[in-house]
Amino acid sequence: DCTDGVTDTDLKIAGIVQKSNRACIIVASKWDESDDAPGDRQAFMKHLVRRLHFLSHAPVVFTSGLNKEGLKKVYSEITRVHTQFTRRESTSVWNQTMQDAITSRPPPTVKGKRLKLNYITQTSTAPPTVTIFVNQPDFLRDQYKRYLERMFRRRFGFEGAPIVIQIRRRRSKRKSPVS
């Protein structure tokens, strides 16, 4: 409700959506009654970003039931977000995107050792889930994980859909000395 802004109840619902890894859109209703209407939507968007920063990937649709504005846009956004939520990309494209991200900003070293990101593959859809195989899973910090997610969003979009990033240790190709 644009007249109230983002309330604590809205935050709780948004938190449930985020924790359950579901796709979503944000519908800003009663835009016609807002103090900002019909003017500056940027001020309201700043408020949304500040309060719902963890859903920054979700598109926002402004609606007015009274004026019947934006209602058709809600349904088109639902369809678009569902397409993003169930989309699959090839392993080669994921690997090229990850390599570009690493080239642009290499992973930090931990205890004098460098994290090596070996390869990535999309393991699931709804939500889009990728698995990154690395040499030392403990070395991958949340900050670098967020950086990778931003790079993936720039390349693939996935608007309205969370991207789940799983980290696994790459198995050694060496044969065990015990047979």
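Here, every reference points to the structure presented above.
Thresholds applied
- Numbering of residues starts from 1 in each chain and follows the order in which that chain's sequence is written.
- Given that the model is predicted, a residue must reach a pLDDT of at least 70 before its local features are reported, and side-chain atom pairs must reach 80 or more before they are shown or counted; all residues, however, enter totals for whole chains, interfaces and linings.
- Think of the side-chain values as coming from all heavy atoms in the structure, minus any hydrogens and water.
- Helix and strand labels come from DSSP, where a helix needs a run of H or I of at least four residues and a strand needs a run of E of at least two; each type is numbered from the N terminus.
- Each radius of gyration is computed over the set of C-alpha atoms, and the globule rule expresses the reference value as 2.2 Å times the number of residues to the power 0.38.
- The contact criterion used throughout is that any non-hydrogen atoms of two residues lie within 4.5 Å.
- Only the protein chains shown count as cover for residues, and all accessible areas are computed by the Shrake-Rupley method using a 1.4 Å probe.
- Counting rule for charge: Lys and Arg are taken as positive, Asp and Glu as negative, and neither His nor the chain ends is counted.
- Throughout, a charge is located at the NZ atom of Lys, the CZ atom of Arg, the CG atom of Asp or the CD atom of Glu.
- Between any two strands, pairing holds if DSSP finds at least two bridges.
- Place the viewer so that the strands point away; then a crossover is right-handed whenever the path from the first strand over the helix to the second strand goes clockwise.
- A pairing counts as a salt bridge when a side-chain nitrogen of Lys or Arg comes within 4 Å of a carboxyl oxygen of Asp or Glu.
- Only protein chains enter the accessibility calculation, which uses a 1.4 Å probe. A residue is then buried if its area is under 20% of the maximum for its type, exposed if over 50%, and partly exposed in between.
- Between rings of Phe, Tyr and Trp, where Trp is taken as its six-membered ring, a pair exists when centres lie within 6.5 Å; planes separated by under 30 degrees are stacked, by over 60 edge-to-face, and by other angles tilted.
- Counting as a charge over the ring demands two things of the Lys NZ or Arg CZ atom: a distance within 6 Å of the ring centre and an angle within 35 degrees of the ring normal.
- Structural elements are reduced to axes, namely lines fitted to C-alpha atoms, with helices fitted over the stretch in contact, and the angle between N-to-C directions of any two is expressed from 0 to 180 degrees.

Bringing the overall build of the chain into the picture now. Along the backbone of the chain there are five helices and seven strands. Listed by position from the N terminus, the elements making up the chain come as α-β-α-β-α-α-β-β-β-β-α-β. For a compact globule of 179 residues, the expected C-alpha radius of gyration is about 16 Å, and the chain comes in at 20 Å, more than 25% above that figure. Considered along the principal axes of its C-alpha atoms, the chain spans approximately 75 × 30 × 30 Å. Long-range contacts, defined here as pairs at least 24 residues apart, represent 70% of the contacts in the chain between residues at least 6 apart. Summing over all exposed atoms, the chain offers an accessible surface of approximately 11300 Å²; the carbon and sulfur share of this is 50%. Here the chain carries 33 positive and 17 negative side-chain charges, and the mean point of each set is 18 Å from the other.

Looking now at the pairing of strand 7 (residues 164–169). Sheet topology places strand 6 (residues 129–134) next to strand 7; six bridges connect them, and they run parallel. Along strand 7, the bridge assignment pairs Phe133 with Arg168. Between strand 6 and its parallel partner strand 7, the chain crosses via helix 5 (residues 142–156), and the hand of that crossover is right-handed.

Under the criterion given, the structure shown has seven salt bridges. Residue Arg153 pairs with Glu149 through a salt bridge whose shortest N-O separation is 3.3 Å. Remark: Glu149 and Arg153 occur in helix 5; sequence separation between them is four residues, near one turn of the helix. What makes Glu149 partly exposed here is its relative accessible area of 24%. One network of salt bridges, with partners in common, ties together Lys73, Glu77, Arg80 and Glu159.

Below, the discussion takes up the packing of aromatic side chains. Taken as a whole and assessed by the stated rule, the structure comprises nine aromatic pairs. A ring pair is formed by Trp94 and Phe152, whose centres lie 5.1 Å apart and whose planes are at 85 degrees; its orientation type is edge-to-face. With Trp94 in helix 4 (residues 91–104) and Phe152 in helix 5, this pair connects stretches of sequence that are 58 residues apart. Residues Trp94 and Phe152 agree in their burial class; the two are buried. With 5.3 Å between their ring centres and 45 degrees between their planes, Tyr144 and Tyr147 make a pair best called tilted. With Tyr144 and Tyr147 both in helix 5, this residue pair falls three residues apart, about one helical turn. The residue whose ring lies beneath Arg87 is Phe158, and the NZ or CZ to ring-centre distance is 4.5 Å. Here the guanidinium or amino end of Arg105 rests over the ring plane of Tyr147, the centre of that ring lying 4.6 Å away.

Reading across the sheet, the three strands line up as 5-6-7 and stay open at both edges, with mixed pairing between neighbours. The sheet is open, and its two edges are formed by strand 5 (117–124) and strand 7, each paired on a single side. Within the sheet, the average angular offset between the axes of one strand and its neighbour, ignoring direction, is 25 degrees. Against the sheet, helix 4 makes contact with strand 5 and strand 6, and its axis sits at roughly 140 degrees relative to strand 5, the strand it touches most. Running at roughly 125 degrees to strand 7, helix 5 makes contact with strand 5, strand 6 and strand 7 of the sheet.

Just geometry here; none of it tells us what the structure is for.
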